[in-house]
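Coordinates in review
Each chain, letter by letter, is given below.
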Amino acid sequence: MWYTFGMKKVCFVTQGCRLNQSETASLEQSFRGEGYHLVKEYHDADIAVVNTCTVTENGDKDTKRLVKQLVGANQAIRIALIGCQSQVHKDALLRLKNVQWVIGNAEKMNTHHIIAQTEDLADPVIKTKKIERNSFTIERSSVDSHHTRANIKIQDGCDFYCSFCVIPFARGPARSRVYEDIIRECIDLGNAGHQEIVITGINVGTYEYEGKTLLDVVTGISAIDTIKRIRISSIEPTTISKELIMMMNSNSKLCRYLHIPIQSGSNMMLKAMARKYSISEFRQFIDWVYETVPDICIGTDVIVGFPGETKAYFDETVANLMTMPIHYMHVFSYSDRKFARSTRRDGRVSPEDIAKRSKVLRALSNQKKQTFYNRFQGKQVAVLFESKKKGLWSGLTDNYIRVFYQSDDDLKNKFVSILYMG
Ligand code: SF4
């Protein structure tokens, strides 16, 4: 690899969600445009840009650990901590070694300009202004050289204020990306070879730009020839239109896939979490989805150990999840988050009980996933392959079945129809 003399070398680390992945991919292109050289290894870099996450306590701990690692491997490295933690925990971050920039979510997508303009300063640079409710554009496309699928950011922020969640504070109010800018980026992503696009945001179902909704975004992206698959990432239950679900039958590009966070299977807990639905409403909706879209995969998120979650409420959650058409779960342990109202609640669940309950739900998730996968044994499925590990190609069907397949051919980023054998 040749470097132009004097060119600064930058490495990136992404923590947390799909939205962060999409933003990092765009930032990588922006740094290239600014004349920086991108490197993979942090011991080789002059600057490390870390896109942080603060959704759970573990996210905060991971960043501290990572900064230690970076400095341990490269004492001269200068670190930019950007994103969610920077927005809400700037003082704590500034105490970490070698941290030169703390940039919150309002200015995160300008990180390349900020660093270029302040590289020579000795004092740390802090940019954590209030996030305004403005529609937005993104300078560079999130072409992702590391992954087959590309994440496209269409929305940011949230107005729902669930009682456990720091995101409305860290990401600011709900706002939507300019529609034409989304389409422009998807054309770029398609031209760069991405065939599958994952529509991403904090609360994507609330997308609204000059009368256009998520349904219009999907329709607009579908019209791009080079894009063959569109997947919608996590979406809040009360924001999904029936038209969008029915489109999964009429539009062959839209994946038969829904990740819809339930968070708890107990009405008492849902109320305490300030979620916007009851269990019966949730059940009614996903039963309808399941009947409407044959072979759809439905996943969910569950929080374990929310303050006040008794054994009886947890058992109710298990019973409901068992009997709903849900095919896998992401299980999260509750942790207090700055600004979240749930920090003031009584009824703390012990770490031991949280661990035990999480284990029960993870076992249930594995079982449900296997049952779902088994239904497709001996059937023909279309797979978009991503990478090869230990001699096997790995890829996904549109309805989120992970397929492993032996072949000597180069299947990376190729659609192949195969007989699914489990
Ligand atoms: S919908 Fe609730 S959980 Fe999701 S980001 Fe908004 S406040 Fe957080």
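Rules used throughout
- Residues numbered from 1 in each chain as written.
- Predicted model: local features only at pLDDT ≥ 70, side-chain atom pairs only at ≥ 80, totals over all residues.
- Near = placed C-beta within 6 Å.
- Nonpolar A, V, L, I, M, F, W, Y, C, P; charged D, E, K, R; others polar.
- Core = buried A, V, L, I, M, F, W, Y, C linked by C-beta atoms within 7 Å.
- Buried ≥ 20, exposed ≤ 12 C-beta atoms within 10 Å, placed from the backbone.
- Contact = placed C-beta atoms within 7 Å.
- Pairing = 2+ DSSP bridges.
- Helix = DSSP H or I, 4+ residues; strand = E, 2+ residues; numbered from the N terminus.
- Axes fitted to C-alpha atoms, helices over the stretch in contact; angles between N-to-C directions.
- Parallel < 35°, antiparallel > 145°, perpendicular 65-115°, else oblique.
- Left-handed = near helix turned anticlockwise from the far one by under 90°.
- Right-handed = clockwise from strand over helix to strand, strands pointing away.
- Domains from an automatic or database assignment.

**Comments concerning the site of the ligand**
The local shell around the ligand consists of Cys158, Phe160, Tyr161, Cys162, Cys165, Ile167, Pro168, Ile202, Asn203 and Glu236. Counted by class, the shell around the ligand contains eight nonpolar, one polar and one charged residues.

**Describing the nonpolar core**
Counting 71 residues, the largest nonpolar core has Ile152, Ile197, Ile199, Val217, Ile230, Ile296 and Ile298 as the members making the most contacts within it. Leaving out residues up to four positions away in the same chain, Ile152 has contacts with Ser22, Ser142, Ile182, Glu185, Cys186, Leu189, Ile197, Val198, Ile199 and Thr200. In this structure, Ile77, Ile79, Ala80 and Leu81 belong to the second largest nonpolar core, which totals 27 residues.

**Focus on the sheet that holds strand β16 (residues 392–396)**
Spatially, β17-β16-β15-β18 is the arrangement adopted by the four strands of the open sheet, whose pairing is antiparallel. In this open sheet, the two strands that pair with only one neighbour each are β17 (402–406) and β18 (415–419). Neighbour-to-neighbour, the strand axes of the sheet open up by a mean angle of 50°, direction not taken into account. Looking at chain direction, β16 and β17 are connected through five bridges and run antiparallel. The residue of β17 that forms the bridge with Ser394 is Phe404.

**Let's talk about the packing of helix α8 (residues 214–222) against helix α9 (residues 242–250)**
When two helices pack together, their arrangement is captured by the angle between the axes and the distance separating the axes. Interaxial distance between α8 and α9 falls to 9 Å at its minimum, and their mutual angle equals 25°. Overall, the two elements α8 and α9 adopt an arrangement that is roughly parallel. Crossing angle aside, the handedness with which α8 passes α9 is left-handed. Here Leu214, Leu215 and Val218 of α8 come into contact with α9, specifically with Glu243, Leu244 and Met247. The residue inventory of the contact of α8 with α9, partitioned by class, reads five nonpolar, no polar and one charged.

**Focus: the pairing of strand β14 (residues 328–333)**
For strand β13 (residues 297–304) and β14, the ladder comprises six bridges, and the chain directions are parallel. The residue bridging Thr300 from the neighbouring strand is Met329, located in β14. Between the parallel pair β13 and β14, the chain is carried across by helix α12 (residues 311–323), and the sense of this crossover is right-handed.

**Focus on the packing of α12 against helix α13 (residues 351–374)**
Axis separation between α12 and α13 bottoms out at 11 Å; the angle between their running directions is 5°. The angle between α12 and α13 falls in the class roughly parallel. Mapping the contact onto sequence places Phe314, Val318, Leu321 and Met322 in α12 and Arg357, Val360 and Leu364 in α13. Looking at the contact of α12 with α13 residue by residue, the classes come out as six nonpolar, no polar and one charged.

**Regarding the environment of His112**
Examined against the element boundaries, His112 turns out to sit in helix α5 (residues 111–118). Separated by 86 residues in the primary sequence, His112 and Val198 place their C-alpha atoms 25 Å from one another. What His112 contacts, discounting residues up to four positions off in sequence, is Leu27, Ser30, Phe31 and Glu34.

**Looking at the domain arrangement of the protein**
Taken domain by domain, the protein consists of domain 1 (9–127), domain 2 (150–374) and domain 3 (380–419). Here the C-alpha centre of domain 2 lies 27 Å away from the C-alpha centre of domain 1. Secondary structure elements with two or more residues in the side of domain 1 that touches domain 2: α1 (18–33) and α3 (84–88). At five residues, α1 tops the list of elements feeding residues into the side of domain 1 that touches domain 2. Here the residues of the side of domain 1 that touches domain 2 sort into four nonpolar, six polar and three charged.

**Points about the sheet that holds strand β2 (residues 37–38)**
What the six strands build is an open sheet, ordered β2-β1-β3-β4-β5-β6; its pairing is parallel. In this open sheet, the two strands that pair with only one neighbour each are β2 and β6 (125–127). Pairing geometry for strand β1 (residues 9–14) and β2, over two bridges, is parallel. Directly across from Lys9, in β2, lies its bridge partner His37. Its contacts with the sheet put α5 on β3 (47–52), β4 (78–83), β5 (99–103) and β6, and the angle it makes with β5 is roughly 140°.

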